[in-house]
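# Observations on chain architecture
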Amino acid sequence: MDREDFKKRFIKARRAAIETDFSRLNDMQREAVLTTEGPLLLLAGAGSGKTTVLINRIVNLIRYGRGSDCDFVPDWAEESDIEAMESGRAGADLLGVEPCEPWRILAITFTNKAADELKARLLTALGEESQDIWAMTFHSCCVRILRRHIDLIGYDKSFTIYDSSDSQAVMKRVAKELELDEKMFPPKLILSAISRAKDEMLSPEDFAAAAEKSFDSKQRHYARCYVEYEKRLKAANAVDFDDLIFLTVRLLSENREVREYYQRFFRYVLVDEYQDTSILQYKLVSLLAGGCNNLCVVGDDDQSIYKFRGATIENILSFEKSYPGARTIKLEQNYRSTAHILGAANAVIRNNLGRKGKELWTNAGDGERPKLYVAMNEDDEAQFVANRILEAVSGGMNFRDCAVLYRMNAQSNRLEYAFKRQGIPYKVVGGMRFFDRAEIKDITSYLAAVHNPDDDLRLLRIINNPPRGIGAATIETVRSIASVEGRSLSSVIANADRYPELKTPSKKLLKFAALMDELRESAEKMPLDDFYDELLNKSGYLESLGTNDEALARIDNLKELKSNIIAYMESAETPTLAGFLDEIALYTDLDSVESGDNNVIMMTMHAAKGLEFPYVFIVGMEDGIFPSLRSIGDSEEMEEERRLCYVALTRAKEKLFLIAAKQRMIFGKTSSNMISRFVDEIPEEHIEKPENTYSHRYSAWDEPDDEPSYSWQRREKRTPDEGTYSWQRRERRTDESVGYGGWSARKTEVRQYKKPVEAPKKTVETPKAPALMALEVGDRVKHKAFGEGTVLAITPMPGDALVSVQFGDKEKKLMLKTAGSFMTKI
DNA sequence: ATCATAACGCTTTTT
DNA sequence: GCGTTATGAT
């Protein structure tokens, strides 16, 4: 009996001793870290320190195993051990119970960015041994498993990975050959139908059978495409993104040996952003974690914004049902935003029905109420944002502290105009991605075709690029021969002289085949980066680009690709062409925000998930834009939009501006929309609106009431600095004629504001009225608010200048135009 | 084969 | 309003 009592005290003391390692966490966070065994659902609100918990949890697992969460007491334990633990003298040998080996921990994320961040923070926390942890994305985890065992389900281990544009190219061909009208059956739609089928684990045959039964002709066409699409991928020894997950699930379900191997292998499985998982990913996770059942999922049902690409919020809502005995911990303390911002966000998300229910709180203080500005039109809106940013910078903030969020990428245009005009440096995140650029696709297609001669898709892309006189007619002939003989294009091309039909172009074809062989040989014997140069030259690609402005931008991008190759060579143990192809197939997100740059960040609300900024501007707060037109009338879609709104609002740390325009051009048509219903959902106490802002109500069917739409605001006063419409028009013309790098080259341009080419002048001249103060580095100035200071640096900007001034021990950055009136030279 | 013009049709996006 | 794409003309 004494022993029982002793055991209880021992366990308590052990947990208490382990807790001291995590004393910096709040109670809920610590609970999450110390709960190691069995299924655990972690509902982590925005800004609640989720990643910190994840890191600490892994540290705990490696250091103490299940020490904090089990009843085990060693037989040799005695009273002095408890004393040791209570006095803080106990080490891991006493506190730990089966500490976990790093490589038995699987931490799955969604994006490479998240995986990289996790790895970096684990390295800081644990050092070298952290590198054995399986911290990676769903897809890279699957690639790792499939590269080892995919032959067990009838694929070749050296498979290539097709990205979505590859998939689209294949599907376009398939649809054409099946004589489907592109208007009725856009390749994108067919692919998403197939994606859904894979999500439900339907093979082409299953899908076809189901379609037959349903008498739905559309489904039957989809099924035909699926069959043909799959056939082509298989022939090219390729798999698409969905296949990576699908085939891994198939492998694990069908092959008991492999399944049990991984189930024994992984002792702890953690999944980040669980609200974004699909049914298939749910299956994958439950297969991988099926052994020890130590599955910890982290997510926020209120931040699920990716339903359109297959995510089911159900996964998180029914976690406790799927995993009986699961524990749930909510992290609701927010360390990011002030109370008014959280109040607004909480108020909006409360209107959703399908949620677990969470309420963020903070003890960071009330802060300022979010502000609503009702603009005349999009130019006024952009001007407003620009002015507030300049004010903020005058007040000592950096440009990078400000973010502008919008619903669709197209909205960035007007803001860019305004920012350029005002000399505000900015960076647009998203839009055209690096690996989608034509020149990058071209060269990676060469790399893929060199590595895998059977990759017909990539071969077709490069065979006549640069032009080699191999035209469409020739290619058609080659393809029909290949299809009749059931061989790959490259093998037909290599033997072109044996086919009478190819007599005329055989010389060109053989020359191309020889080129590819030569490149393959080079790839074998050269280091990757040298081979890359060789490829650019021997293929004639570089030469064919020419030397105009657009070509130079493309060449820049190709140099960027080379630096990627070099970075890969440095990071990989044994760099190979195959390895690099794997990496770029999964790593498309290279234009990550470089934190060193001092730019205003512009992006969609989707892209902003997981980020935070002191100042946040949300533009286009209008019904029809946000929430989007397509979601109005559908309550499920509306809830998703509302979650997106919640995500957007919770990005702000200090100041939040919501901007709506009375009139705006959408898709070339002028329309006036009502202020977003989400604004109405924020109570007066948490939002500052202009006077006379009418609030409008909706019926339960999302129908706007019959109030005329222009009447929400009567008449707002215009301050002079907001500018007038005609002035803005004129300015924009000038802007266009100057060219700013040329709009035509926009596709290849990195859309980032570049400083004027001239070297920074030490003196700011007075370019035009109103005259700017003439200042030089080293001048003493007196500022109304900050007192006396010394000018440290001056950066000229169109029509203005950014001045750094040392006031006492504080350095402030001021825009001269704005700050000039508060400052005098002394 | 390559350029010019017209017609269309548009969320959100990672891997 | 803009970018992509299909079609026809040279």
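To keep things clear, this report deals only with the structure shown in the data block. (Residues numbered from 1 in each chain as written. Chains lettered and ligands numbered in written order. Predicted model: local features only at pLDDT ≥ 70, side-chain atom pairs only at ≥ 80, totals over all residues. Heavy atoms only, no water.)

## Considering the protein's contact with DNA strand B
Around DNA strand B lies a shell of 26 residues, among which Asn112, Arg407, Arg433, Thr604 and Glu641 are the nearest. The sugar and phosphate moieties of DNA strand B supply 51% of its atoms located within 4 Å of the protein. Within the contact set of DNA strand B, a base oxygen lies 2.5 Å away from a side-chain nitrogen or oxygen of Arg407. The backbone of Asn409 places a nitrogen or oxygen atom 3.1 Å from a phosphate oxygen of DNA strand B. (Near = heavy atom within 4 Å. Polar contact = N/O pair within 3.5 Å; in protein donor to acceptor, adjacent residues only side chain to side chain.)

## A look at the packing of helix H7 (residues 138–149) against helix H14 (residues 279–288)
At their nearest, the axes of H7 and H14 sit 12 Å apart, and the two run at 55° to each other. Here H14 runs oblique to H7, going by the angle between their axes. Taken as a pair, H7 and H14 cross one another with a handedness that is left-handed. Between H7 and H14, the residues in contact are Phe138, Cys141, Cys142 and Ile145 and Gln281, Leu284, Val285 and Leu288, respectively. In the contact of H7 with H14, the residues fall into 7 nonpolar, 1 polar and no charged. (Axes fitted to C-alpha atoms, helices over the stretch in contact; angles between N-to-C directions. Helix = DSSP H or I, 4+ residues; strand = E, 2+ residues; numbered from the N terminus. Parallel < 35°, antiparallel > 145°, perpendicular 65-115°, else oblique. Left-handed = near helix turned anticlockwise from the far one by under 90°. Contact = heavy atoms within 4.5 Å. Nonpolar A, V, L, I, M, F, W, Y, C, P; charged D, E, K, R; others polar.)

## Things to note about the sheet that holds strand E12 (residues 600–604)
Reading across the sheet, the 6 strands line up as E9-E14-E13-E10-E12-E11 and stay open at both edges, with parallel pairing between neighbours. Every interior strand has two partners, whereas the edge strands, strand E9 (371–375) and strand E11 (426–428), have only one. Here the average twist between neighbouring strands, direction ignored, is 20°. On top of the sheet, helix H18 (residues 378–394) reaches E9, strand E10 (402–406), E12, strand E13 (613–618) and strand E14 (652–661); it is set at about 160° to E14, its chief contact. Packing of helix H19 (residues 412–422) onto the sheet brings it into contact with E10, E11 and E12, and relative to E12 it is tilted by some 170°. (Pairing = 2+ DSSP bridges.)

## Notes on the pairing of E12
For E12, the buried fraction is high: 5 of the 5 residues fall into the buried class. In the sheet, E10 pairs with E12 via 4 bridges, with the strands oriented parallel. By the bridge assignment for E12, Val404 is matched with Met602. Here E11 pairs with E12 via 3 bridges, running parallel. (Buried < 20%, exposed > 50% of the residue type's maximum accessible area, 1.4 Å probe, protein only.)

## Some details on the side chain of Thr604
In this fold, Thr604 is placed in strand E12. Every residue in contact with Thr604, bar those within four places of it in the chain, is listed here: Leu405, Tyr406, Arg407, Met408 and Asn409.

## Remarks on the packing of aromatic side chains
Using the criterion set out here, one finds 22 aromatic pairs in the structure. Relative to Phe265, the ring of Tyr262 lies with its centre 6.4 Å away and its plane at 70°, an arrangement referred to as edge-to-face. Of this pair, Tyr262 and Phe265 both sit in helix H13 (residues 256–265), 3 residues apart, which is roughly one turn of the helix. According to the relative accessible area criterion, Phe265 is buried, its value standing at 17%. Ring pairs connect the aromatic residues Trp103, Trp134, Tyr261, Tyr262, Phe265 and Phe266, which therefore count as one cluster. The ring of Trp134 has Arg144 sitting right over it, with the charged end atom 4.0 Å from the ring centre. (Phe/Tyr/Trp six-rings, centres within 6.5 Å; stacked < 30°, edge-to-face > 60°. Lys NZ or Arg CZ within 6 Å of the ring centre and 35° of its normal.)

## Some remarks on the pairing of E14
The element E14 is extensively covered by neighbouring structure, given that 7 of its 10 residues are classed as buried. Sheet analysis places E9 next to E14, joined by 5 bridges and oriented parallel. Each bridged residue has a counterpart across the sheet, and for Val374 the counterpart in E14 is Ala660. The sheet contact formed by E13 and E14 spans 5 bridges and is parallel. Its bridge partner being in E14, Phe613 is matched across the sheet by Ala652. Handedness of the β-α-β unit built from E13, helix H29 (residues 635–649) and E14 comes out right-handed. (Right-handed = clockwise from strand over helix to strand, strands pointing away.)

## Digging into the environment of Glu485
Locating Glu485 in the fold gives a position in helix H22 (residues 472–485). On the basis of relative accessible area, Glu485 is assigned to the partly exposed category, the value being 40%. Residues Glu485 and Pro683 lie 198 residues apart in sequence; the distance between their C-alpha atoms is 71 Å. Among the polar contacts listed, one links the side chain of Glu485 to the side chain of Arg487, at a separation of 3.1 Å.

## Focus: the environment of Lys50
Tracing the sequence through the fold places Lys50 in helix H3 (residues 50–64). Taking the C-alpha atoms as reference, Lys50 lies 7.7 Å from Val298; in sequence the two are 248 residues apart. Contact partners of Lys50, with chain neighbours within four places excluded, come to Ala44, Asp272, Glu273 and Val298. At 3.3 Å, the side chain of Lys50 forms a polar contact with the side chain of Asp272.

## Looking at helix H11 (residues 217–235)
Over its 19 residues, H11 runs 27 Å from end to end, which matches the ideal 27 Å to within 8%, given 1.5 Å per residue. Looking only at H11, the buried set comprises Tyr222, Ala223, Cys225, Tyr226, Glu228, Tyr229, Glu230 and Leu233. On the buried face of H11, the contacting elements are strand E4 (160–162), helix H8 (164–177), helix H9 (187–199), helix H10 (204–214), strand E5 (238–240) and helix H12 (241–254). The N-cap residue of H11 is Asp216: its side-chain oxygen and the backbone nitrogen of Lys218 are 3.0 Å apart. Phi turns positive, to about 55°, at Asn237, one or two residues after H11. (Expected span 1.5 Å × (residues − 1).)

## Details of the pattern of salt bridges
Applying the stated criterion to the full structure yields 58 salt bridges. One salt bridge connects Asp69 with Arg327, and the closest N-O pair in it is separated by 2.8 Å. One end of the pair, Asp69, is in the loop between H3 and helix H4 (79–86); the other, Arg327, is in strand E8 (residues 327–331), with 258 residues separating them in the sequence. Of the charged contacts in the structure, one is a salt bridge between Lys198 and Glu230, with a shortest N-O distance of 3.5 Å. In this pair, Lys198 sits in helix H9 while Glu230 sits in helix H11, placing the two residues 32 residues apart along the sequence. Through salt bridges with shared partners, a single network forms among Glu177, Glu228, Lys231, Arg232, Glu476 and Arg479. (Salt bridge = Lys/Arg side-chain N within 4 Å of Asp/Glu carboxyl O.)

## Topic: the sheet that holds E8
What the 6 strands build is an open sheet, ordered E3-E2-E6-E7-E1-E8; its pairing is parallel. The open sheet is flanked by strand E3 (134–137) and E8, the only strands paired with a single partner. Each neighbouring strand pair of the sheet contributes to a mean axis angle of 15°, computed without reference to strand direction. Inspection of the sheet shows strand E1 (residues 40–44) paired to E8 by 5 bridges, in the parallel sense. In the strand pairing of E8, Leu40 is matched with Arg327. Strand contacts of H7: strand E2 (105–109), E3 and strand E6 (268–271), with the helix running at about 115° to E3, the strand carrying the most contacts.

## Topic: the nonpolar core
Counting 71 residues, the largest nonpolar core has Leu244, Leu288 and Leu295 as the members making the most contacts within it. Counting residues per element, this core draws most heavily on H12, at 7 residues. Judged by nonpolar contacts, the second largest core, of 47 residues, contains Leu459, Tyr499, Leu536 and Leu545. (Core = buried A, V, L, I, M, F, W, Y, C linked by side-chain atoms within 4.5 Å.)

## A few points about the packing of H12 against H14
Running from amino to carboxyl end, H12 crosses H14 at an angle of 40°, the nearest separation of the two axes being 10 Å. By the angle between their axes, H12 is oblique relative to H14. The hand of the H12/H14 crossing is left-handed. Residue-level contacts link Asp242, Ile245, Phe246, Thr248, Val249, Leu252 and Ser253 of H12 to Leu280, Gln281, Lys283, Leu284, Leu287 and Leu288 of H14. Its residues assigned to classes, the contact of H12 with H14 comprises 8 nonpolar, 3 polar and 2 charged.

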